[in-house]
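The chain contents come next:
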Amino acid sequence: VGGVLPPPAGDASVDEGYTGSLALDLALMDRVLEVDEASQCARVQGGIYGPALEAELRRYGLTLRYYPQSFEYSTLGGWLATRGGGHFATGPTHVDDLVQAARLVGPGGASESRRLPASGAGPAEHRLYLGSEGSLGVITEAWVRLRRRPQARASATVVFPGANADDAF
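Since we're looking at a predicted model, the values are computed, not measured.

The rules we used
Residues numbered from 1 in each chain as written. Predicted model: local features only at pLDDT ≥ 70, side-chain atom pairs only at ≥ 80, totals over all residues. Heavy atoms only, no water. Helix = DSSP H or I, 4+ residues; strand = E, 2+ residues; numbered from the N terminus. Contact = heavy atoms within 4.5 Å. Areas by Shrake-Rupley, 256 points an atom, 1.4 Å probe, with all protein chains shown as cover. Phe/Tyr/Trp six-rings, centres within 6.5 Å; stacked < 30°, edge-to-face > 60°. Buried < 20%, exposed > 50% of the residue type's maximum accessible area, 1.4 Å probe, protein only. Lys NZ or Arg CZ within 6 Å of the ring centre and 35° of its normal. Core = buried A, V, L, I, M, F, W, Y, C linked by side-chain atoms within 4.5 Å. Pairing = 2+ DSSP bridges. 1 Å grid on protein atoms, 1.4 Å probe; cavity = no way out; pocket = protein on both sides within 12 Å on 5 of 7 lines; lining within 4 Å. Points joined across faces, edges and corners; volume = space filled by probe spheres on them.

Novice: Explanation requested: the overall build of the protein in the structure shown.
Specialist: Check the secondary structure of the protein and you find 4 helices and 7 strands. What you see in the protein, going N to C, is helices and strands ordered as β-β-α-β-α-β-β-α-β-β-α. In the protein, once contacts between residues fewer than 6 apart in sequence are set aside, the share between residues at least 24 apart is 57%. By element, 53% of the accessible surface of the protein is carried by carbon and sulfur atoms, the whole surface being about 10,900 Å².

Below is the structure:
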């Protein structure tokens, strides 16, 4: 995995305190650890890619139904750290609405928010981590809300008549 290379010495844009960067590879943190079928939630590691997550959930007849444009090339941890939006989703389009709890590892150690279905008592701790872009630590796992997989799938094409392609559109 690559990283960010520091600019050359003497570059005016470099802050004097800048000493480098860190790149983490979460490729081995790619599992669904636990599925709670009764509450339709799963505890998932942050390094799992979208297709692998959906394939694992399919065994339980469940789905996250979250499909960002980068679905094939991005991970649950990345979706959470960037507070991603799933433009091809059916239902909730932002990952915030699908997270029940999160675990983060930072310089001061690990922090894990409580798994609660919902609460009106102040801000939810896991929402501090969503969109943090790694500034608070690395999101290593999360409890996510799921739904039953659809029983049927359909699509349709609509053609508009016109003299040429421009008129038809």
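That was the structure; now back to the text.
Novice: Where do I start with the packing of aromatic side chains in this structure?
Specialist: Ring pairs (aromatic) are described by centroid distance and by the angle formed between their planes. By the definition in use, this model includes 3 aromatic pairs. Between Phe71 and Trp79, the aromatic rings sit 6.3 Å apart at their centres with planes inclined by 15°, giving stacked as the arrangement. In this structure, Phe71 and Trp79 share a single accessibility class: buried. Of the aromatic side chains, those joined through ring pairs into one cluster are Tyr66, Tyr67, Phe71 and Trp79. One residue, Arg115, lies across the ring of Trp143, its end atom 3.8 Å from the ring centre.

Novice: Any chance you could explain the nonpolar core here in plain terms?
Specialist: Nonpolar side chains tend toward joint burial in soluble globular proteins. Of all hydrophobic cores here, the largest spans 25 residues; its most connected members are Val44, Leu53, Leu64, Leu76, Trp79, Leu80 and Val144. Of all the elements in the fold, those that place two or more residues in this core are β2 (41-45), α1 (50-58), α2 (76-81), β4 (99-106) and β6 (138-145). Looking at this core element by element, the count peaks at 4 residues for α2. Not counting chain neighbours up to four residues away, the residues in contact with Leu80 comprise Val95, Val99, Tyr129, Leu130, Gly131, Ile139 and Ala142.

Novice: Can you walk me through the pairing of β2 in this structure?
Specialist: Successive side chains on a regular strand alternate, one facing one side of the sheet and the next facing the other. Of all 5 residues in β2, 4 are buried; the element is thus mostly enclosed. Pairing between β2 and β6: 5 bridges, direction antiparallel. Of the residues in β6, the one forming a bridge with Ala42 is Val144.

Novice: I would appreciate a short explanation of the layout of surface pockets in the present structure.
Specialist: Once rolled over the atoms, a probe with the size of a water molecule shows which space is left empty. In this structure, the largest pocket encloses a volume near 400 Å³. Every residue lining the largest pocket is counted, 16 residues in all, and those nearest its centre are Leu24, Leu26, Gly78, Ala81 and Val138. Of all the secondary structure elements, the ones that give two or more residues to the lining of the largest pocket are α2 and β6. Residue contributions to the lining of the largest pocket peak at 3 residues, all from α2.

Novice: Honestly, unusual backbone geometry in this entry has me stumped. Any pointers?
Specialist: Leaving glycine aside, a negative phi is the common case for residues, and trans is the common case for peptide bonds. Positive phi, normally seen in glycine, also occurs at Arg65, with a value near 55°. Following the sequence through the fold, Arg65 ends up in the loop between β3 (62-63) and α2. Although it is not a glycine, Arg83 sits at a positive phi angle of roughly 50°. Tracing the backbone through its elements, the reader meets Arg83 in the loop between α2 and β4.

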